[in-house]
Amino acid sequence: MSDEQTKHEAAQTTDADQEAKKEEAQAAAAVNDNIKTNGEITLNDNCENHKIYLLSVIGEIEGHECLSANTKTTKYEHVLPKLAEIEDATNIDGVMLLLNTVGGDVESGLAIAEMVASLSKPTVSLVLGGSHSIGVPLAVSTDYSFIVPTGTMVVHPVRMNGMVIGAPATYDYFKQMQNRIIGFIASHCKAREDRLEKMMMNTTMLTKDLGTILVGEEAVKEGIISEVGGMKEALRKLHALISEKKGK
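Residues numbered from 1 in each chain as written. Predicted model: local features only at pLDDT ≥ 70, side-chain atom pairs only at ≥ 80, totals over all residues. Heavy atoms only, no water.

### Brief notes about the side chain of Gln 178
Put simply, the test is: Numbering of helices and strands starts at the N terminus; helices are DSSP runs of H or I of at least 4 residues and strands are runs of E of at least 2. Per-residue accessibility, obtained with a 1.4 Å probe over protein chains only, is compared with the maximum for each type, and a residue is labelled buried under 20%, exposed over 50%, and partly exposed between these values. Residue contacts are counted whenever heavy atoms from the two residues lie within 4.5 Å of one another.
Among the secondary structure elements, Gln 178 is positioned in helix 5 (residues 167-187). With relative accessibility at 6%, the residue Gln 178 sits in the buried group. Residues contacting Gln 178, with those up to four places away along its chain left out, are Pro 157, Val 158, Met 200 and Met 201.

Structure follows, in structure tokens:
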């Protein structure tokens, strides 16, 4: 082989290496940007060879109106298309839903919960910090749910701020919305509708509001959450559900 050929092949190898490194850098940048923008990442480096999509619902769930720039939000118009993409993706085996939310827009929160509940992929939720208000339907929308020992859940009735025009009609609408929330929660966990309504209307726990705060094991005892546990327990359960589905 001549020196010219050797130099040419070496140059080709160098160009290929540089192109590969460039692609790796772009992929890493895309992953970092997705984490920064949406709090989402795909996990696939495990002995089970399962590809898991990690979806976060953090802060306040933003609905049809934009919240303050200083408010940490999860935008439902970002989450819904992603869930549709996950359902249609052949390379995603399951979804881990991480929750640390104060609640937010009821319609948007229920929309996300219904989408998660309708996924054919195995799903597991983990309550970290808290999953309050409309975060409760989100927590129970998965196939199995966990809460860390210090995690909290707040069950309270639908509320609104500002002037109300036509009080009876507004009350009826709120009652209907509340029944939708209670019905969804009860149909996706072991808690009964009458017990959920009683917790919503509790006047003894929150000084300036109605409702009930549940911490860790209390949420499990009420039948809302499946089990107390953290990330390792949640991932182990999700891998088991994926293996069970693939086995079938």
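### Observations concerning helix 3 (residues 106-117)
This is how it is decided: Residue count minus one, scaled by 1.5 Å, sets the expected span of a helix. Nitrogen and oxygen atoms within 3.5 Å of one another constitute a polar contact, given that in protein one can donate a hydrogen and the other can accept it, and given that sequence-neighbouring residues count only through two side-chain atoms.
Taking 1.5 Å of rise per residue, twelve residues should cover 16 Å, and helix 3 covers 16 Å from first to last C-alpha, within 8% of that figure. When helix 3 is considered as a whole, its buried residues turn out to be Val 106, Ser 108, Gly 109, Leu 110, Ile 112, Ala 113 and Val 116. The N-cap residue of helix 3 is Asp 105: its side-chain oxygen and the backbone nitrogen of Glu 107 are 3.2 Å apart.

### Some thoughts on the nonpolar core
Going by this rule: By nonpolar core is meant a set of buried Ala, Val, Leu, Ile, Met, Phe, Trp, Tyr and Cys residues that side-chain atoms within 4.5 Å join together.
Of all hydrophobic cores here, the largest spans 46 residues; its most connected members are Leu 83, Ile 112, Met 153, Ile 181, Leu 196, Ile 224 and Ile 225. A total of seven residues in this core trace back to one element, the largest contributor, which is helix 5. Of all hydrophobic cores here, the second largest spans twelve residues; its members include Leu 126, Leu 238, Leu 241 and Ile 242.

### Some thoughts on the environment of Gly 183
Relative to the helices and strands, Gly 183 is located in helix 5. Each C-alpha atom of the pair Gly 183 and Leu 196 lies 9.4 Å from the other, and the pair is 13 residues apart in sequence.

### Structural notes on unusual backbone geometry
Not every positive phi belongs to a glycine, and Ser 133 is a case in point at roughly 55 degrees. Inspection of the secondary structure puts Ser 133 in the loop between strand 5 (123-131) and helix 4 (135-140).

All quantities given are derived from atomic positions and should not be read as evidence of function.
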